[in-house]
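Single-letter residue listing:
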Amino acid sequence: MAASSTINNFLSFFLPTKPPQLPPLQTPPLQFNPVASSQSQKPSQPLIAQYEPPSSSSSELSSVICPSLAYANTLFFRSPYTVQVVVEEDEPEERLVNRFRREVLRAGVIQECRRRRYFENKQEEKKRKTREAAKRNRRRRPMLKPVAQKKLDVPATKKEEDEDN
Amino acid sequence: MAKPIPKMGSRKNGRIGSRKHTRKIPKGVIHVQASFNNTIVTVTDVQGRVISWSSAGTCGFKGTRRGTPFAAQTAAGSAIRTVTDQGMQRAEVMIKGPGLGRDAALRAIRRSGILLNFIRDVTPMPHNGCRSPKKRRV
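Residues numbered from 1 in each chain as written. Chains lettered and ligands numbered in written order. Predicted model: local features only at pLDDT ≥ 70, side-chain atom pairs only at ≥ 80, totals over all residues. Heavy atoms only, no water.

- The name that an unreviewed UniProt entry assigns to chain B is Small ribosomal subunit protein uS11c, with the source organism given as Flemingia macrophylla.
- Entered under Sequence similarities (unreviewed entry) in the UniProt record, the comment concerning chain B runs "Belongs to the universal ribosomal protein uS11 family."
- The UniProt entry for chain B carries this comment under Subcellular location (unreviewed entry): "Plastid, Chloroplast". (UniProt positions renumbered as here; feature names shortened; annotations may be inferred.)

- In the nomenclature of an unreviewed UniProt entry, chain A is known as 30S ribosomal protein S21, chloroplastic of Flemingia macrophylla.
- Word for word, the UniProt comment on chain A under Sequence similarities (unreviewed entry) is "Belongs to the bacterial ribosomal protein bS21 family."

## Thoughts on the environment of Ala 79 of chain B
Now for step 1: Summarising the element assignment, Ala 79 of chain B is placed in helix H3 (residues 69-85).
Now for step 2: When the C-alpha atoms of Ala 79 of chain B and Ile 109 of chain B are compared, they prove to be 9.4 Å apart, with 30 residues separating the residues in sequence. (Helix = DSSP H or I, 4+ residues; strand = E, 2+ residues; numbered from the N terminus.)

## A word on the pairing of strand E2 (residues 39-45) of chain B
All names here are of chain B.
Now for step 1: When you tally the buried positions in E2, you get 6 out of 7 residues, the bulk of the element.
Now for step 2: In the sheet, strand E1 (residues 27-34) pairs with E2 via 7 bridges, with the strands oriented antiparallel. The residue bridging Ile 30 from the neighbouring strand is Val 43, located in E2.
Now for step 3: Connecting E1 to the antiparallel partner E2 that follows it, the hairpin turn spans 4 residues. (Buried < 20%, exposed > 50% of the residue type's maximum accessible area, 1.4 Å probe, protein only. Pairing = 2+ DSSP bridges.)

Structure below.
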């Protein structure tokens, strides 16, 4: 079954089968900590702990203990990634590329990269946020007023021209 | 690994280090780093040890032409050619960075006939970390 998933890893995870290992109360910085893993199963993983795909009961438990675990409902691989596309057999090249491109667009990777390329001060940030908000709201509520005014203007002038003729 | 014990005579010939590099790896990872100015394609094994690499610059492109999708295509093709000779069948693709080389390299990899498991985007994303360089005033 083809599944394409987008993951945002926020926290280090812990095995639900090891209750004495309590996670720290404040959110620790994630991911690129070369702390030795406490598991013997996968010694090559440089991460603090690994999160396994939960059953329904343990997911409730884990979301209670560490709320951001509720986000991670998919397998956690060795390296963190933003977008993953699972390739089926015999998928045409164009379709695969388009699928990948669409996933990346949905995740906003390239936009984010371009934003972080150079520093933006508070002014720039405010401008960008208003632009994004306008774009988002425009998609949901198409602006009716200005368009209606233009329509009223145009037929009025046309009528005048017809009467003159 | 069945490596033949070198005889006394061959030891005198100097290094047999090149023998070590022909290891057959059926499964690997293809890393594509697509920046705005260049595309680098590195083929590693599953642990991350590099087998071979190629880039738009090593393929003979120079300057602004390195950043083009065609250059990315040739770089990917060249990297994969050396690796399929060593017998790699399945691969995962990890794409990093913005840049025009992303799609082109992916296309070339797909066309080369290597089986793909996953395609992942591993662009490093800071959670608001270091301050980026200042704006360019061109």
